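Letter by letter, the chains look like this.
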Amino acid sequence: KAYGWNVEQPTLDWMRFIEAKNNEILRLNGIYERLLGNAGVTILRGKATFVDAHTISVEGDKTYTAKTILIAVGGWPFVPDIPGKE
């Protein structure tokens, strides 16, 4: 039932399903962020551009230099405006 399924008479509560999915993603993201922080990783949020091979500028305000820079862009799916997209 936690994900919206009712098994007595199989139905799907779509909004409940989406809420449970979103909560699980938030929970997992929190775990990953804590693991990275505990490993000494600095997480920077914002738009960044490379200044050179080992330096980035975040939001044009501050630069960071490191031996290794990992870019994790994340993202959300694009849902076209078509019937049934709900």
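One can find the structure itself at the top, above this paragraph.
It should be emphasised that the depicted structure is a prediction, and the values quoted were computed from it without experimental measurement.

K.L.:
Mind laying out the overall build of the protein, listing which residues take part and the relevant values?
P.N.:
Helices and strands together make up the secondary structure of the protein, namely one helix and five strands. Listed by position from the N terminus, the elements making up the protein come as β-β-α-β-β-β. For the protein, the C-alpha radius of gyration of 20 Å lies well beyond 12 Å, the compact-globule estimate for 86 residues. By principal-axis analysis of the C-alpha atoms, the protein measures approximately 60 × 35 × 20 Å. By the burial criterion, 7% of the 86 residues in the protein qualify as buried. Of the contacts made within the protein by residues no fewer than 6 positions apart, 2% connect residues no fewer than 24 positions apart. As displayed, the protein offers around 7,700 Å² of accessible surface, 60% of which is attributable to carbon and sulfur atoms. Distance between charge centroids for the protein: 6 Å, based on 10 positive and 10 negative side chains.

K.L.:
I'd love a proper account of unusual backbone geometry, names of residues and values included.
P.N.:
Phi at Glu59 takes a positive value of approximately 55°, unusual for a residue other than glycine. Residue classification places Glu59 among the partly exposed positions, given a relative accessible area of 47%.

K.L.:
Can you tell me about the pairing of strand 4 (residues 55-58), naming the residues and giving the values?
P.N.:
With burial as the criterion, each face of strand 4 is covered, one bearing Thr55 and Ser57 and the other bearing Ile56 and Val58. Pairing of strand 3 (residues 48-52) with strand 4, which is carried by four bridges, proceeds in the antiparallel orientation. When the bridges of strand 4 are listed, Thr49 appears paired with Ser57. Counting the residues in the hairpin turn of strand 3 and strand 4 gives two residues. Judged from the four bridges that link them, strand 4 and strand 5 (residues 62-65) form a sheet pairing that is antiparallel.

About the criteria used
- Residues numbered from 1 in each chain as written.
- Predicted model: local features only at pLDDT ≥ 70, side-chain atom pairs only at ≥ 80, totals over all residues.
- Heavy atoms only, no water.
- Helix = DSSP H or I, 4+ residues; strand = E, 2+ residues; numbered from the N terminus.
- Rg over C-alpha atoms; globule rule 2.2 N^0.38 Å.
- Buried < 20%, exposed > 50% of the residue type's maximum accessible area, 1.4 Å probe, protein only.
- Contact = heavy atoms within 4.5 Å.
- Areas by Shrake-Rupley, 256 points an atom, 1.4 Å probe, with all protein chains shown as cover.
- Lys, Arg positive; Asp, Glu negative; His and termini not counted.
- Charge placed at Lys NZ, Arg CZ, Asp CG, Glu CD.
- Pairing = 2+ DSSP bridges.

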